[in-house]
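Take a look at the letters that make up each chain.
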Amino acid sequence: MALARLHGGPLDGQIIPLGDADDKLIVPYSETQVVYHRRGEEQNTGESDGPTEIDYWFDESLEDISPSDD
């Protein structure tokens, strides 16, 4: 299993598990979805250096993101 490391946008710094490593990652966020695109090569691909990590960078949200009133 690989991990996606998210950069930028509302999910900056989050790490989430990946089933398949596609070039585009659409993640639910609040009432909308946010889109991240893959950049760079896979990291930690050896047998003993931990789970494989892939960097994804924020591209867009499918709807406007507004801060919560909480």
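Residues numbered from 1 in each chain as written. Predicted model: local features only at pLDDT ≥ 70, side-chain atom pairs only at ≥ 80, totals over all residues. Heavy atoms only, no water.

Draft legend 1. Molecular detail of the nonpolar core. Within the largest apolar cluster, 11 residues are counted, these being Ala-2, Ala-4, Leu-6, Leu-11, Leu-18, Leu-25, Val-27, Val-34, Tyr-36, Ile-54 and Tyr-56. When residues in this core are grouped by element, the largest group, three residues, is from strand S1 (residues 2–7). Ignoring any residue separated from it by four or fewer positions in sequence, one finds Leu-6 in contact with Leu-11, Asp-12, Gly-13, Gln-14, Ile-16, Leu-25, Tyr-36 and Tyr-56. (Core = buried A, V, L, I, M, F, W, Y, C linked by side-chain atoms within 4.5 Å. Buried < 20%, exposed > 50% of the residue type's maximum accessible area, 1.4 Å probe, protein only. Helix = DSSP H or I, 4+ residues; strand = E, 2+ residues; numbered from the N terminus. Contact = heavy atoms within 4.5 Å.)

Draft legend 2. Here's a closer look at unusual backbone geometry. With phi around 55°, Ser-30 is a residue other than glycine that occupies positive phi space. As for its placement among the helices and strands, Ser-30 is situated in the loop between strand S3 (24–29) and strand S4 (32–38). By relative accessible area, which is 71% here, Ser-30 ends up exposed. You will see that Asn-44, though not glycine, has its phi angle at about 60°, which is positive. Looking at where Asn-44 falls in the secondary structure, it is placed in the loop between S4 and strand S5 (52–61).

Draft legend 3. Representation of the side chain of Thr-52 in the model. The topology assignment puts Thr-52 in strand S5. Side-chain polar atoms of Thr-52 contact the backbone oxygen of Asn-44, separated by 3.3 Å. When near neighbours in sequence (up to four residues on either side) are disregarded, Thr-52 contacts Met-1, Ala-2, Leu-3, Glu-42, Gln-43, Asn-44 and Thr-45. (Polar contact = N/O pair within 3.5 Å; in protein donor to acceptor, adjacent residues only side chain to side chain.)

Draft legend 4. Examining the packing of aromatic side chains more closely. In the structure shown here, the tally under the stated rule is one aromatic pair. Ring geometry for Tyr-36 against Phe-58: centres 5.6 Å apart, planes inclined by 70°, an arrangement best described as edge-to-face. You can see Tyr-36 sitting in strand S4 and its partner Phe-58 sitting in strand S5, a full 22 residues away along the chain. Given a relative accessible area of 30%, Phe-58 falls into the partly exposed group. (Phe/Tyr/Trp six-rings, centres within 6.5 Å; stacked < 30°, edge-to-face > 60°.)

Draft legend 5. Just the pattern of salt bridges, in detail. A complete count under the given rule lists two salt bridges for this structure. A salt bridge links Arg-5 to Glu-53; the shortest N-O distance between them is 2.9 Å. With Arg-5 in strand S1 and Glu-53 in strand S5, this pair connects stretches of sequence that are 48 residues apart. For Arg-5, a relative accessible area of 28% gives the class partly exposed. (Salt bridge = Lys/Arg side-chain N within 4 Å of Asp/Glu carboxyl O.)

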